[in-house]
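Examination of the molecular architecture
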Amino acid sequence: MSDMHTPRLALPLLQPGQAQKEMLVNEAIALLDIAVQGAVAAAALDVPPVDPNPGDCWIVGNAPGGAWAGHAHEIAGWTSSGWLFVRPREGTQLWVGSTGSVALFTGGAWRLGELHGKLFIEGDQVVGPREAAIAEPSGGSTVDAEARTAIASVLDALRAHGLIEGG
């Protein structure tokens, strides 16, 4: 409809003397409705759902077909006027309802179910990048079996949570 778009979300802009301005404004509002506080029903779908409801959204997969052809990795939103697509920008995050997790668009692809960065609780960093493996205790002249078992359990728990690498 418009040859002019906003730089971030590619929302259509009115042109001087534009006819049917309400159509352009309505399209921009519908695109905002898809992109702002984004949530999708599912991710990595290549075929549009058969009977979508207005307001439902999906992350389009790598090889889309049908009405989604040519919109790989975009956010597809169904409106009363048909499909609208939002091209994600680096850092776009969406809630994926089918998995109860977050999708992050980075490096030209969606990363599903991953969290990136550091975790701070009340200003204190509690999780950061994974550190090198900690060796199991061994040797020594006095062996305390209970202490060794406790240390091994702590190391197993840290490995299970992905906080340290295997030993």
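Because the structure is a prediction, the values reported are computed rather than measured.

Cut-offs and rules
- Within any chain, residue numbers begin from 1 and follow the written order of that chain's sequence.
- Whole-chain, interface and lining totals are the exception, using all residues; otherwise, since this is a predicted model, local features are given only for residues with pLDDT of at least 70 and side-chain atom pairs are given and counted only at 80 or more.
- Excluding hydrogens and water, the side-chain figures rest on all heavy atoms present in the structure.
- Each residue gets a pLDDT score, which is the predictor's confidence in that residue and runs from 0 to 100.
- Labels follow the DSSP assignment, with helices taken as runs of H or I lasting at least four residues and strands as runs of E lasting at least two, numbered in each case from the N terminus.
- For this document, the term salt bridge refers to a Lys or Arg side-chain nitrogen within 4 Å of an Asp or Glu carboxyl oxygen.
- To estimate how far a helix should extend, the number of its residues minus one is multiplied by 1.5 Å.
- The contact definition used throughout considers only heavy atoms, calling two residues in contact when any of these lie within 4.5 Å.
- One requirement defines pairing of two strands: DSSP has to find at least two bridges between them.
- Angular values range over 0 to 180 degrees, each being the angle between N-to-C directions of two axes fitted as lines to C-alpha atoms, with helices fitted over their stretch in contact.
- To count toward a patch, a residue needs a relative accessible area over 30% and no salt bridge; like charges are then connected within 9 Å, while nonpolar side chains (Val, Leu, Ile, Met, Phe, Trp, Tyr) are connected within 5 Å.
- Here, Shrake-Rupley sampling with a 1.4 Å probe gives the accessible areas, and only protein chains in the shown set may cover a residue.
- Any residue under 20% of the maximum accessible area for its type is buried, any over 50% is exposed, and the rest in between are partly exposed; the area is computed with a 1.4 Å probe on protein chains only.

Now for the confidence of the model for the protein chain. Confidence along the protein chain averages 86 in pLDDT terms, with 96% of residues attaining 70 or more. Model confidence for the protein chain, summarised as mean pLDDT per element, is weakest for strand E10 (residues 124-127) at 77 and strongest for strand E3 (residues 57-60) at 97.

What follows is about the pattern of salt bridges. According to the stated counting rule, one finds three salt bridges in the structure shown. In this structure, Glu74 and Arg87 form a salt bridge, with 3.3 Å as the shortest nitrogen-oxygen distance. With Glu74 in the loop between E3 and strand E4 (75-79) and Arg87 in the loop between strand E5 (82-86) and strand E6 (93-96), this pair connects stretches of sequence that are 13 residues apart. With a shortest N-O distance of 2.8 Å, Arg111 and Glu114 are connected by a salt bridge.

Turning our eyes to something else, we now look at helix H1 (residues 21-35). Between its first and last C-alpha atoms H1 spans 21 Å; for 15 residues at 1.5 Å apiece the expected length is 21 Å, and the two agree. Of the surrounding elements, those touching the buried residues of H1 are E3, E4 and E5.

What follows is about the sheet that holds E4. Here we have four strands laid out as an open sheet, ordered E2-E3-E4-E5, and mixed in their pairing. Where the open sheet ends on each side, the last strands, each with one partner, are strand E2 (42-45) and E5. Adjacent strand axes in the sheet meet at a mean angle of 35°, parallel and antiparallel pairs treated alike. Here E2 runs beside E3; their pairing, made up of two bridges, is parallel.

As a further point, take a nonpolar patch on the surface. Nonpolar side chains collect at one region of the surface, where Leu14, Val25 and Ile29 lie side by side and expose about 240 Å² of accessible area between them. With respect to the helices and strands, the residue Leu14 is situated in the segment before H1. In this structure Leu14 comes out as partly exposed when scored by relative accessible area, which is 39%.

Residue position: Leu45 is located in strand E2. Look at Leu45 and you get partly exposed, because its relative accessible area is 23%. Considering only alpha carbons, one finds Leu45 and Ile151, 106 residues apart in sequence, at a separation of 45 Å. Excluding residues that lie within four positions of it along the chain, Leu45 makes contacts with Trp58, Ile59, Val60, Gly61 and Trp68.

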